[in-house]
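Descriptive structure summary
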Amino acid sequence: MQAIDDLIQKFLKELNYQPILEMLLHVKSGKKLRSKLLLAISGENKGALIICAAIELIHLASLLHDDIIDESELRRGSKSVNSEFGTKNALMLGDILYSKAFYELSQMNTQFASIISDAVIKLSVGELMDVNLSQGFNTDKDKYLSMIYNKTAVLIEASAKCGAILAGLDEKSFGEYGKNLGFAFQMIDDILDIKGDEKTLGKPSMADFKEGKVTLPYIYLFENLDKEGKKQLKSMFKKDLNEQEKIWINTQFKEKEILEKSILEAKKYAKKAINAIEKYSNQKLKDIVEAMIDRNF
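Residues numbered from 1 in each chain as written. Predicted model: local features only at pLDDT ≥ 70, side-chain atom pairs only at ≥ 80, totals over all residues. Heavy atoms only, no water.

Attention now goes to the overall build of the chain. Scanning the chain for helices and strands turns up 16 helices and 2 strands. Against the compact-globule benchmark of 19 Å for 297 residues, the chain has a radius of gyration of 19 Å, which places it among compact chains. With the C-alpha coordinates of the chain rotated into their principal frame, the extents come out at 60 × 50 × 30 Å. When each of the 297 residues of the chain is scored for burial, the buried share is 53%. Excluding contacts between residues fewer than 6 apart, the proportion of contacts in the chain whose partners are at least 24 apart in sequence is 74%. For the chain, the accessible surface area stands at approximately 14200 Å², while carbon and sulfur atoms represent 50% of it. (Helix = DSSP H or I, 4+ residues; strand = E, 2+ residues; numbered from the N terminus. Rg over C-alpha atoms; globule rule 2.2 N^0.38 Å. Buried < 20%, exposed > 50% of the residue type's maximum accessible area, 1.4 Å probe, protein only. Contact = heavy atoms within 4.5 Å. Areas by Shrake-Rupley, 256 points an atom, 1.4 Å probe, with all protein chains shown as cover.)

This is how it looks when you write it as structure tokens:
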């Protein structure tokens, strides 16, 4: 992963503007899931590393824009760029990262730029879906699935497709792997927002619900509550929950085994991901799926 970070630094130093690099120091790069799976498919070579660096730039840009939209002050336990440098700087940094990524992709085979640019269009649509869904208490699972496909799964799907093309493998099979991994990844993220602790997550638990995100566990919980319970859950939507309210929600989750049901749903997509590339016997890709399901942040 260091080679990818070095390429990102090289790309941005070429822009010859020091504040970009200073702000980038405050952007948490994360686990580089997309790069890991691309390299697990294609192997490590110059072309693969350039595509990985471009994808990571795009992913970082999407996180910057996410934090602006959500008005988040923290990103993985540290001050977000919008909190540290202001919304205008964070917005422009995101635009710079997107633009530089596409410039580097434009120097390669147009097939890669086409796949990734299509994913970024869908990613942006997914962000808009997320904003619109947060305007009210969404109980439609299909709308939730459509949103997380666009917002999260498409870039993972695109990464897997690019890796397959580089390796001369079946793009469709690996795209299915990436898409289903993306669904499972986001579902686990949504579950961890509820069951994780603040120190590990780098943000308060149940932050999603406060921000207006009715994720899979809340959809399942709503379906399993009586009329009074539904009313009570809705009354807590977008609120800064006190300890008593958090205890009530957690008690309902536990009594109705909602988190277990949500984990099973994530595992269903994880299984679909593994099945899609079963004939290739790629243990690294299976390990990525297992590590993603079993993580705690």
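Let's pick the thread back up.
In terms of nonpolar packing, the biggest core is built from 102 residues, with L37, Y177, L181, L233 and I249 touching the most fellow members. Among the elements that line this core, the one with the most residues is helix α4 (residues 46–70), at 15 residues. (Core = buried A, V, L, I, M, F, W, Y, C linked by side-chain atoms within 4.5 Å.)

Turning our eyes to something else, we now look at the side chain of T215. Here T215 shows up in the loop between α11 (207–210) and α12 (216–224). Non-local contacts of T215, meaning those with residues more than four positions away in its chain, are made with Y144, D190 and D208.

Moving on to helix α6 (residues 87–106). Side chains three or four residues apart in an α-helix point the same way, a direct result of the helix having 3.6 residues per turn. Between the first and last C-alpha of α6 there are 29 Å, a value that for 20 residues agrees with the 28 Å anticipated at 1.5 Å per step. Those residues of α6 not exposed but buried are A90, L93, G94, L97, Y98, K100, A101, E104 and L105. Buried residues of α6, seen end-on, are gathered within an arc of 165° and therefore sit on one face of the element. For α6, the elements touching its buried residues are α1 (2–13), α2 (18–24), α4, α5 (81–85) and α7 (110–133). (Expected span 1.5 Å × (residues − 1). Arc of directions from axis to C-beta.)

Moving on, we come to the pattern of salt bridges. This model, assessed by the stated rule, comprises 18 salt bridges. Residue K213 pairs with D70 through a salt bridge whose shortest N-O separation is 3.5 Å. Of this pair, K213 sits in the loop between α11 and α12 while D70 sits in helix α4; the two residues are 143 residues apart in sequence, bridging distant segments of the chain. K213 sits in the buried class, given a relative accessible area of 12%. (Salt bridge = Lys/Arg side-chain N within 4 Å of Asp/Glu carboxyl O.)

The next point concerns unusual backbone geometry. Backbone geometry places E71, a non-glycine residue, at a positive phi of 55°. Mapped onto the elements of the fold, E71 is located in the loop between α4 and β1 (74–75). Owing to a relative accessible area of 66%, E71 belongs among the exposed residues under this scheme. Of note in this structure, K238 is not a glycine but carries a positive phi near 65°. Structurally, the position occupied by K238 is in the loop between α13 (227–235) and α14 (243–255). Judged by relative accessible area, K238 falls into the partly exposed class, the value being 39%.

Moving on, we come to the packing of aromatic side chains. Under the defined criterion, the tally for this structure stands at 9 aromatic pairs. A centroid spacing of 4.8 Å and a plane angle of 45° characterise the contact between F174 and Y280, whose relative ring orientation is tilted. Of this pair, F174 sits in helix α9 (residues 171–195) while Y280 sits in the loop between α15 (258–276) and α16 (283–294), placing them 106 residues apart in sequence. Above the plane of the ring of F222 lies K230, whose end atom (NZ or CZ) is 5.1 Å from the centre. (Phe/Tyr/Trp six-rings, centres within 6.5 Å; stacked < 30°, edge-to-face > 60°. Lys NZ or Arg CZ within 6 Å of the ring centre and 35° of its normal.)

Tallied over the full model, the rule gives 0 disulfides. No disulfide involves C52; its nearest neighbouring cysteine sulfur is the one of C162, lying 9.2 Å away. Relative accessible area serves as the criterion here: at 0%, C162 is assigned to the buried category. (Disulfide = S-S within 2.5 Å.)

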